[in-house]
Each structure stands twice: as structure tokens, then as C-alpha cells.
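Remarks on the overall topology
Next come the chains, spelled out residue by residue.
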Amino acid sequence: MEQDRISELPDEILHHILSFMATKFAVQTSILSTRWRHLWKFISTIDFDSFPYHPFCSIDYSFMDRTLEHQKALQLHKFLVSTTIRGDIYTNLVPKWEVFDLPPSFNAQHYSQSLKQISLCCAHLNPTLSFEGFSSLKECVSALPGFGDEVVQEIVLKCKLLKSFTIDKCRILKYVRIFGRSDMRLKHFMFVWRPQQSPLMVEVDAPSLVSLKFCGHLSRLCLGELPCLVEAKLFHDSSAIDVGFVREILDHKLAHLQVSRWRAGGTGSRSGGEAIRGWVPQRADSFGKPDKVSFFFFDPLISSFFFFFFKVWTAVQNLWTTVPKVFFFILFSYFG
Amino acid sequence: MSKLGQAKRIIFLKTADGQLFEVDEPVAMEFEIVKSFFDENEDAADDTVVPLPNVSAEPLAGIIEFCKAHVEFRANGAAGKDEVKKFNAEYIKEKSNEQLKELILAANYLNIKEMLDFLTETIANRLKNKSVEYVRAFFGIENDFTPQEEEAVRKEYEWAFEGVDED
């Protein structure tokens, strides 16, 4: 009898429940019953989180296209696309990060009013997304290789409700400016930057910023007045850490500061790691007095081992696909 | 609401199984259905009993507990986020799936938005990483497809079923 009663729940509630699920799962519920057959089409979330990705095989992404074709929701709150592989090491090691084209059937602009959360990883947007009308956007994660300085600026200026902003794997950025409005609500800013040849400059001046995470290599970081900042995590990836850069962070009253770096190699008589280790504990008192200062140093040996292993692996893979198998056969029979 | 000025008003609610609940006004007004009852009958006497023919005592007690806590959180200002989360987690921890279903049905009938949001998310979390069959069992859904129809649906959304175990 109870089982009959649960069917009294209106579609909206079932939509709401389904909207927390990955889109693939939501589509699967279409076989539950005739009532559920079309339910998933009206949910306000598109979540292709952790869809399959393989660096050596091409994967058919047309399922995304087909799913989006069925989409009938009037409003879309969440749009998430990302791959299963997220590890930093991995993105570091895969030299050409494969990207796929987001199907044209997804027209983000169409949902610009209602989208609250957007997360795009490794996708090409065609045509390029304009963030002009995204008035509800609260959370934005962008890992789009074609993401330029002006798009960052546009998001910061146009999305008035933006609370959380993550930039990752964006390769053509040169000068990132997170400022421009006094009524900015940005609370969390995270920046992941891979070792690059070209210099990068980041300027952050957001009055309500609470947490700042930085990972990678940069030429210069400028911080404006950040009265609300309580947490800063820096994973610096250059050979010598810039002390002035940490000082700039410490100038702000931080509750939690975490500085870490890979490859503690360093040039000159004193490696960056030592410089920091020797410097911060004394100075931390005179600057913002963080409650907790912690450092992490990854063993350079381990990371270089992984890197070497990966290089060998890709070389073997490439060889296997490019060189005719006959060659191997001859080679093996010769030595055998 | 003409009686707003009074210090503390008690609202009487009567459940389907005949139990009478006495609820503080701000808590009862969380229930959209109760609120509209009094909006429509502005001249209702103080001791009017609001009948709730679709809700039984057990879920109602749970809902009152939840709303009471949340009204207090709001009154305390800021509604200390961690505190609310802790309460919600504690509240839902010992609830069985059956109780959860009863709660969501009642919350839906009473039309309490905040609680519905919370319950839908909880149910979604309990269904996450489960099979479709689990969802079927959870909601007690009867499969009214003919085998041919089911096959057709499976075929239509073939890509979604790839890599999924049949069990």
C-alpha cells in the first residue's frame, strides 16, 4: 500500500531527485516504468561528470549529442562536463590534452538566464560561449584550452552572482584579471596553471574573497585589498619560489596558509624550498599571523620516475601503432 | 493574519490517525498548507483544529522536529551553516528508507519547501551509485512496460546502458 503512495509524489519532486544524479543514470531510469520513461528529459541538470576518456583511443562522444537532443527542460541549472581522469600528475604528463567538441545541440546561451553552475573540462565550445547574459551563474569551473583573457574578464564582469571560479588547463592565458567591480561576490578562486613557456600575470582584487588556491607556475601574482581572505593554498611549481610572492600573501590576515611545491630542485646556492623554510617561521609573526602554516615538498625523485615511465610507455604505444607489426615479427624472430 | 501581535499562539493540527498536535505558530507557518488555511480563513478561532487527512502522526512529529530546529536556526541569525548541516546529518542518520519516504510524502502534502529540498537531496544521495533496479525497489515502481516496449526503450537509449551490469 505504501508503494502505491510513493507514486503520489509529483513529477517535480522526482525531477528534483534525478537532478542530483549523473545524466547517464537519469537516462537509465527511463526503463523503470511508463511514467519514468520521459521523466529524465525534464530535469534541470546535465551532468556528464567523469565520462570516459582515454589518451590513446578515440571515444565516441555522440551519446552526449543524443542525450542533449532529448532535453526538454525549460530551465537548466547545472551543466557539468568532465573526464574521469583528474589527477594533476596525469594532466601534467599528457602533453596534448585531448579535447572534444561540445555538440552544437547544447546551446548554453539558451539557458543563460537559469544556469547556476557550469563546469566544462576539456571541451571545445563552438561557437565560443559568451557569458553576456549569465545572470544567475554562481559557480564556474573552466578547463577549456581555448579560454582567453577576455573571457575571464567577461565572466568576472558580467556574472554578478559568481561565488566560485576555477580556472584550469587554460593555455592561452597571459594576463588574468579578477577585479573590476566593487560589488563582486566572488568567494573562492582557484587557479591551476601548468608549466608554461609564456609568462603569466595574475591580478586578484575581490573584496569578498575567502579562499584562494593557486597551483602552478607564474611570473607574477598581484593581490589587492582582500579583507575577507582566510585561506590561501599555494602549490608553486617553479624551480625557485619567489619569496616576495609569499610575503604578498602573508600581508593579508590569513587563518590558514599552505605553501607547497613539487620538484624541490632549485637553482643557486639555496633552493627555493630552503629559502621558504628559513624565511616564513620568523616572518609569519610580523605579518598576518596565520594560525597554521604548513609546507609540503614532493620528492623530485618520485615524480621524475613517473615521468620517465610515462614517456617510455607512450613511446612503446606510438611505436606499436606506427611501425608495421611485421617489423616486430622479424625483429623477434631474428633475436629468438 | 490578524493574530500576529499575540505573544505565542498555538496551532492545533489533527493527523489522519486522529492525533492532535500542538505546534507553535512560526513552526506551523512553515507548512504552506497550514499557512494558506489561515490566510483563507482569517477569522478562524484560536482553537481551530487544522485537519491533515493525508499525514499520519509519525512523519508529522519528525517534520515538526525538523521545522522547529530550522526556525530556531533562522531566529538565531545567520543560521550558522555548519550547525545546520550537523543537525541535518544527525536528523537523517537514523531514518530508514521507509521513514524517509513517509517524510517526503508528508512534506510534499504540507508543502514545506526547505524540507523538500533537503529530503530530495537525501534521497538522491541514498540512490547514488545504485542500480536502476534499486531505484525501482526504493520507489516500489511497478514495471508496466511490455517486454517489447522495454526493449524499445533500451534500444532508444542504448548509449546509457553501455557498460552497465544487467543485475
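What you see is a predicted model, and the numbers here were worked out from it, not measured in a lab. (Residues numbered from 1 in each chain as written. Chains lettered and ligands numbered in written order. Predicted model: local features only at pLDDT ≥ 70, side-chain atom pairs only at ≥ 80, totals over all residues. Heavy atoms only, no water.)

Comments concerning the packing of aromatic side chains
On inspection of all chains with the given rule, the structure shows eleven aromatic pairs over all chains. With a centroid separation of 5.4 Å and an interplanar angle of 45°, the aromatic rings of A:Trp36 and B:Phe139 are classed as tilted. Of this pair, A:Trp36 sits in helix α4 (residues 34-37) while B:Phe139 sits in helix α7 (residues 132-139), on two different chains. We classify A:Trp36 as buried; its relative accessible area is 4%. Assessed through its relative accessible area of 4%, B:Phe139 is described here as buried. Members of the aromatic cluster, connected to one another through ring pairs, are B:Phe66, B:Phe73, B:Phe87, B:Tyr91 and B:Phe118. (Phe/Tyr/Trp six-rings, centres within 6.5 Å; stacked < 30°, edge-to-face > 60°. Helix = DSSP H or I, 4+ residues; strand = E, 2+ residues; numbered from the N terminus. Buried < 20%, exposed > 50% of the residue type's maximum accessible area, 1.4 Å probe, protein only.)

What to know about helix α4 (residues 81-93) of chain B
Residue and element names in this part refer to chain B. With 13 residues, α4 should reach 18 Å at 1.5 Å per residue; the first-to-last C-alpha distance of 18 Å fits that figure. Every buried residue of α4 is accounted for by Val84, Phe87, Asn88, Tyr91 and Ile92. The buried residues of α4 all sit within an arc of 115° when viewed along its axis, so they share a single face. Residues of α4 that are exposed and point more than 90 degrees away from the buried face comprise Asp82, Lys85, Lys86 and Lys93. (Expected span 1.5 Å × (residues − 1). Arc of directions from axis to C-beta.)

Here's the deal with the pattern of salt bridges
When charged atoms on two side chains of opposite charge get close, those side chains can pair. Counted by the stated rule, this structure contains eleven salt bridges over all chains. A salt bridge links A:Arg37 to B:Glu156; the nearest nitrogen and oxygen atoms lie 3.3 Å apart. With A:Arg37 in helix α4 and B:Glu156 in helix α8 (residues 147-156), the pair connects residues from two separate chains. The shortest N-O distance in the salt bridge between B:Asp39 and B:Lys35 comes to 4.0 Å. A residue pair is termed a helical-turn pair when its members lie 3 or 4 positions apart in one helix, as B:Asp39 and B:Lys35 do in helix α2 (residues 32-40) at four residues. Exposure remark for B:Lys35: the relative accessible area of 27% places this residue in the partly exposed category. One network of salt bridges, in which partners are shared, links B:Glu30, B:Arg74 and B:Glu114. (Salt bridge = Lys/Arg side-chain N within 4 Å of Asp/Glu carboxyl O.)

Some thoughts on unusual backbone geometry
All names here are of chain B. Even without being glycine, Asn111 reaches a positive phi, approximately 60°. With respect to the secondary-structure elements, Asn111 resides in the loop between α5 (97-110) and α6 (113-127). In this structure Asn111 comes out as partly exposed when scored by relative accessible area, which is 39%. Even without being glycine, Asn129 reaches a positive phi, approximately 60°. By secondary structure assignment, the location of Asn129 is in the loop between α6 and α7.

What to know about the sheet that holds strand β1 (residues 10-15) of chain B
All names here are of chain B. Strand order in the open sheet formed by three strands is β2-β1-β3, with mixed pairing between adjacent strands. Edge positions in the sheet fall to β2 (20-24) and β3 (49-52), since each has one partner strand and no second. Sheet twist, expressed as the mean angle between neighbouring strand axes with direction ignored, is 30°. As judged from the four bridges shared by β1 and β3, these two strands associate in the parallel manner. Pairing of Lys14 across the sheet is with Pro51, part of β3. (Pairing = 2+ DSSP bridges. Axes fitted to C-alpha atoms, helices over the stretch in contact; angles between N-to-C directions.)

So, the sheet that holds strand β12 (residues 220-223) of chain A
All names here are of chain A. Read from one edge of the open sheet, three strands run β8-β10-β12, paired in parallel fashion. Only two strands of the sheet have a single neighbouring strand rather than two, namely β8 (175-178) and β12. Here the strands of the sheet are splayed against their neighbours by 10° on average, with no regard to which way each runs. Pairing of strand β10 (residues 201-204) with β12, which is carried by four bridges, proceeds in the parallel orientation. Across the sheet, the residue bridging to Glu203 is Cys222, located in β12.

What about the domain arrangement of chain B?
Residues and elements named next belong to chain B. Structurally, chain B comprises domain 1 (2-127) and domain 2 (132-161). Between the C-alpha centres of domain 1 and domain 2 the distance comes to 35 Å. Taken residue by residue, the interface counts five residues in domain 1 and four residues in domain 2. The contact between domain 1 and domain 2 buries some 500 Å² in all, and 73% of this surface belongs to carbon and sulfur atoms. Contact with domain 2 buries surface across domain 1, with Asn97, Lys101 and Leu127 losing the most and accounting together for 75% of the total. At the junction of domain 1 with domain 2, the criterion picks out zero salt bridges. On inspection of domain 1 and its partner domain 2, the count reaches two residue pairs in polar contact (both at pLDDT 80 or more). (Domains from an automatic or database assignment. Contact = heavy atoms within 4.5 Å. Buried area = accessible area lost by both parts, 1.4 Å probe. Polar contact = N/O pair within 3.5 Å; in protein donor to acceptor, adjacent residues only side chain to side chain.)

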